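The residues making up each chain are set out below.
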Amino acid sequence: MSSLAAERRLEGHAETLPTSGSDDASVRLLGTCKRFGAVTALEDATISVRRGELMSLLGPSGCGKTTLLNLVAGFLAADSGQIEIDGERVNDIPTYKREIGMMFQNYALFPHMSIAENVGYGLRMRGIAKPDLKRRVAEALALVRLTGVEDRRPHQLSGGQQQRVALARALVISPRVLLLDEPFSALDRNLRASMQIEIKEIQRQLGVTTIFVTHDQGEALSLSDRIAVMFEGRIRQVGTPDEIYRRPADRFVASFVGDVNVLRARLDSVDGGLAAVTLGRARISVSREPLTRVRPGDRVDLFVRPEQVRFAQAGEPIAVEGTVAAHIYQGDHVNLYVDAPEVCASRLLVRSLEPDAITRWPIGARVGVSIVGTGAIAFEAEPDQRGGEPRSG
Amino acid sequence: MVGTLAVLAILGFVILPAVVVTLAAFNDKAILAFPPETWSWRWFATALAYDDFRSGCVNGLIVAGWASSIALLVGTAFAFALDRYAFPLKRTIEAVLLSSLVVPHFTIGLGFLILAAQIGWARGFAVVVACHVVLVLPFVLRSVYVSLRNLDQRLELAAASLGASPARVLGTVTLPLLVPGLVGGWLLAAILSFNEFTASLFVTAQRTQTLPVAMYNYVREYADPSMAALSVMYILATATLLTVANAYLGLGKVLNVEPRR
């Protein structure tokens, strides 16, 4: 790769560009498309993964995230557009020459080989001499904190151990990019949390560029340096977890990442970059950017996170009035669901840290809810959009 | 209670022929009778010493070995093609390959006899082997095909991602994982071929007659327990073979009756 420092960052441009663009891009897709028959799995994908960063591809099933991963791995061929690894166009380079490490959802450990043979496979394919190979296998297994199992077979290990083997096998070849396909979905909840922390630590320690496919927004938020949110074959937004959560680019991103209440409000006035929205007796200030086509007086959908609403205290303007419909006790907090059919198509989710929330706001109680802080976002109303049930993280 | 009895009755019925023949083999008298009144091992010695049985056994092994090996090569190639690629007339080709399951064995035997007589091969092993290849091919094809279906293709993708070229993926991952299916298919084909009678009756000559044909010729003239003794030895040999295969590969995998992980 050449280090043309003067070259501008080309991220975000869709047209095909000469290779060796941005000097810190490890993996780049430029206008990449992939169709399966009449179905477009990936539409005009342009994304740049920086060297050493952990980028999540987040979206519901069928959004194209796995297709994108398979294109980078070379398991699929792009119909159009360009794929680069370390500034080199790899569209026509087969998987086995791409120098990638891949960890599969089911780990895909070779059942007929011992653990040491599994981990050493990539080194054998590269003709590494035996003493060197043995040392590097031992190092890789030590890195994932798994020793003493070299002679066992994959089926003799637990799910978590198998995952460590799969990770060691992918990392031992020092890949240019590590690809993880839903790596935690087969693990139970407790193990998942500890493996997430461990993989993140190893990734940071080695500084290996990583692309991580997941449908779990919590996982993406907690592990990623940046997230690409995908839906229906398109990349909808690329940003840090905080940007994705607090400044979603569109309705889909806002409702897919994190819990959110969608409330029917009205645009009141516009002032420069800000807009004022009225909801009940409250006036809420939001960014005007997503509302360029909306005029004062029009209906808008106000997206409010559960931590941005609370039961109104004395003197606070009440935005929504409703009836407590359900409690979900979560230990450190309680999720209260409020029926307010004229404002919210589904139930309004209020998260309370009060230990006595359940007795203070029993089911059937009439409550007033206020909006706190400045985090709310308004999008153009969708006539038939019934803003889905708030999902509990 | 009734269910248990029914199951036992069915199980008994299934093994009844083998039990009857085994007991008949030990009859001291030169008749095929059940149950025997006096007991002896002498028919085992007679069977082992009879020249037609000895040559029939050797011929059968030659034919079974060649036919199942050729069928394995051909069947594996076609199984790969059917599993991995889309091509025109795929279903038709599959149907032709499996057709010997529906065409009667005597038809296949007769057909090969007519053909072999035309080109003057009627007295050789080639026609017997060719005939048996056609007969056992469907079984090999099915066995390998099922193994290929059960093979997780992500293992091959994983190998490729680790730097293995397609040839090395085949050699280090695909074929080693198919070994149970290949061995199972070969074994099944060899047992079927060694056992085959109907088509063999048409295509074998005195010099090439296989064991079942030799047994048929024997039983037309004699009806002593040496036939039964031969059967017992046959059952023992097959059982030993399958036990060994089971110990090394797992019978479930060999016969493809249990899903692989």
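Above this note sits the structure.
One structure accompanies this document, and this report is about it. Positions within a chain are numbered from 1, following the residues in the order the chain's sequence is written. Whichever chain is written first is A, and whichever ligand is written first is 1; the rest continue in order. Restriction of local features to residues with pLDDT of at least 70 applies here, the model being predicted, together with a cutoff of 80 or more for giving and counting side-chain atom pairs; totals for whole chains, interfaces and linings are based on all residues. Neither water nor hydrogens contribute to the side-chain values; these are computed over all heavy atoms in the structure.

## Here's the deal with the overall build of chain A
Operational definition: Under the scheme used here, helices are H or I runs from DSSP no shorter than 4 residues and strands are E runs no shorter than 2 residues, and both carry numbers assigned from the N terminus. A simple rule labels every residue: compare its accessible area, found with a 1.4 Å probe on the protein chains alone, to the largest value its type can have, and call it buried under 20%, exposed over 50%, or partly exposed in between. Any two residues whose heavy atoms approach within 4.5 Å are treated as being in contact. Only the protein chains shown count as cover for residues, with accessible areas throughout obtained via the Shrake-Rupley method and a probe of 1.4 Å. Note that His is not counted, nor are the chain ends; the positive residues are Lys and Arg, and the negative ones are Asp and Glu. Note on charges: their place is set at NZ of Lys, CZ of Arg, CG of Asp or CD of Glu.
Looking only at helices and strands, chain A features nine helices and 20 strands. Principal-axis analysis of the C-alpha atoms places the extent of chain A at approximately 75 × 50 × 40 Å. Taken over 393 residues, chain A has a buried fraction of 51%. Across chain A, the fraction of contacts at a sequence separation of at least 24, relative to all contacts at a separation of at least 6, is 67%. Of the accessible surface of chain A, which amounts to about 17800 Å², a share of 48% is contributed by carbon and sulfur atoms. Across chain A, the mean location of the 49 positive side-chain charges is 2 Å away from that of the 49 negative side-chain charges.

## Focus on the overall build of chain B
Regarding its fold elements, chain B presents 12 helices and zero strands. Tracing chain B from N to C terminus, the helices and strands come up as α-α-α-α-α-α-α-α-α-α-α-α. When the backbone C-alpha atoms are referred to their principal axes, chain B occupies close to 70 × 60 × 35 Å. Taking all 261 residues of chain B together, 41% fall into the buried category. Of all intrachain contacts in chain B linking residues separated by at least 6 positions in sequence, the fraction that spans at least 24 positions is 70%.

## A short note on the pattern of salt bridges
To be explicit about the condition: Whenever a carboxyl oxygen of Asp or Glu lies within 4 Å of a side-chain nitrogen of Lys or Arg, that contact is scored as a salt bridge.
Tallied over the full model, the rule gives 29 salt bridges over all chains. Between A:Asp301 and A:Arg251 there is a salt bridge; the shortest N-O distance is 2.8 Å. Of this pair, A:Asp301 sits in strand 14 (residues 299–304) while A:Arg251 sits in helix 8 (residues 251–256), and the two are 50 residues apart along the sequence. We classify A:Asp301 as buried; its relative accessible area is 3%. According to the relative accessible area criterion, A:Arg251 is buried, its value standing at 11%. Two residues, A:Arg347 and A:Asp339, come together in a salt bridge whose shortest N-O distance is 3.3 Å. The class of A:Asp339 is partly exposed, set by a relative accessible area of 32%. A single salt-bridge network, built from bridges that share partners, covers B:Asp83, B:Arg84, B:Arg149 and B:Glu156.

## Details of the interface of chain B and chain A
Using the following cut-off: What counts as buried area is the accessible surface, traced by a 1.4 Å probe, that two parts surrender upon association, with contributions from both included. In the analysis that follows, any N or O atom pair within 3.5 Å is treated as a polar contact, provided that within protein one partner can donate a hydrogen and the other can accept it, and provided that, for residues neighboring in sequence, both atoms belong to side chains. As a working rule, the residues Ala, Val, Leu, Ile, Met, Phe, Trp, Tyr, Cys and Pro are called nonpolar, Asp, Glu, Lys and Arg charged, and the rest polar, with Gly in that last group.
Taken residue by residue, the interface counts 20 residues in chain B and 23 residues in chain A. Of the roughly 1800 Å² buried where chain B meets chain A, counting both sides, 68% is carbon and sulfur surface. On the chain B side of the contact with chain A, B:Arg154, B:Ser161 and B:Leu162 bury the most area, a combined 34% of that side's loss. Summed over the shared surface of chain B and chain A, the number is zero salt bridges. Our enumeration of links across chain B and chain A arrives at four residue pairs in polar contact (both at pLDDT 80 or more). Breaking the side of chain B that touches chain A down by element, the ones donating at least two residues are helix 7 (153–161) and helix 8 (166–195) of chain B. Of the residues belonging to the side of chain B that touches chain A, the class tally is 12 nonpolar, four polar and four charged.

## A short note on the environment of B:Arg168
Tracing the sequence through the fold places B:Arg168 in helix 8. In this structure B:Arg168 touches A:Tyr121, A:Arg124, A:Met125 and B:Val173, once residues within four positions along its chain are discounted.

## Describing the packing of aromatic side chains
Quick reminder of the rule: Here a Phe, Tyr or Trp ring, Trp counted by its six-membered ring, pairs with any other such ring whose centre lies within 6.5 Å, and the pair is stacked when the planes are under 30 degrees apart, edge-to-face when over 60, and tilted otherwise. We call a charge positioned above a ring when the Lys NZ or Arg CZ atom is no farther than 6 Å from the ring centre and deviates by at most 35 degrees from the ring normal.
With the rule as written, the count across this model stands at 16 aromatic pairs over all chains. Taken together, a centroid distance of 4.9 Å and an interplanar angle of 70° make the contact between B:Tyr50 and B:Tyr218 edge-to-face. Placement of the pair is B:Tyr50 in the loop between helix 2 (42–49) and helix 3 (51–84) and B:Tyr218 in helix 10 (residues 211–221), with a sequence separation of 168 residues. The exposure class of B:Tyr218 is buried, given its relative accessible area of 6%. Consider the rings of B:Phe53 and B:Tyr218, whose centres lie 5.1 Å apart with planes at 55°: the pair is tilted. Highlighted residues: B:Phe53 in helix 3 and B:Tyr218 in helix 10, separated in sequence by 165 residues. An identical accessibility class is assigned to B:Phe53 and B:Tyr218; each is buried. By the ring-pair criterion, three or more aromatic residues cluster together here, those being B:Tyr50, B:Phe53, B:Tyr218 and B:Tyr222. Stacked on the ring of A:Tyr245, the Lys or Arg A:Arg305 has its end atom at 4.1 Å from the ring centre.

## Quick notes on unusual backbone geometry
Negative phi values dominate among residues other than glycine, just as trans dominates among peptide bonds. Residues and elements named next belong to chain A. For alanine 108, which is not glycine, the phi dihedral falls at a positive 50°. Along the chain, alanine 108 turns up in the loop between strand 6 (100–103) and helix 2 (115–125). Positioned with a positive phi, glutamate 232 is a non-glycine residue whose angle comes to about 50°. Within the secondary structure, glutamate 232 sits in the loop between strand 9 (226–231) and strand 10 (234–239).

## Side note on the sheet that holds strand 9 of chain A
Within a beta sheet, neighbouring strands are joined by backbone hydrogen bonds and run either parallel or antiparallel to one another. Residues and elements named next belong to chain A. We count it as follows: Should DSSP find at least two bridges between two strands, the strands are taken to pair. Axis definition: a line fitted to C-alpha atoms, limited for helices to the stretch in contact. Angles are taken between N-to-C directions and run from 0 to 180 degrees.
Taken together, the six strands give an open sheet; going across it, the order is 6-7-8-3-9-10, and neighbouring strands pair in mixed fashion. In this open sheet, the two strands that pair with only one neighbour each are strand 6 and strand 10. On average, each strand axis in the sheet is tilted by 20° relative to the strand beside it, whichever way the strands run. In this structure, strand 6 lies alongside strand 7 (residues 177–181), joined through four bridges in parallel fashion. The residue bridging glycine 101 from the neighbouring strand is leucine 178, located in strand 7. Lying over the sheet, helix 4 (residues 159–171) contacts strand 6 and strand 7, oriented at roughly 170° with respect to strand 6.

## Thoughts on the side chain of B:Thr174
Mapped onto the elements, B:Thr174 comes out in helix 8. Once you skip the residues sitting within four places of it in the chain, B:Thr174 turns out to touch B:Phe80, B:Arg84, B:Leu151, B:Glu156 and B:Val169.

## Some details on helix 2 of chain A
Counting buried positions along helix 2 of chain A yields eight of 11 residues, so the element is predominantly enclosed. Inspection of helix 2 of chain A places A:Ile115, A:Asn118, A:Val119, A:Gly120, A:Tyr121, A:Gly122, A:Leu123 and A:Met125 among the buried residues, and these make up the whole buried set. Residues of helix 2 of chain A that are buried in the fold lie against helix 3 (130–143) and helix 4 of chain A together with helix 7 and helix 8 of chain B. Positive phi shows up at A:Gly127, right after helix 2 of chain A, with a value of about 70°.

As far as function goes, none of this settles anything; it's purely spatial.
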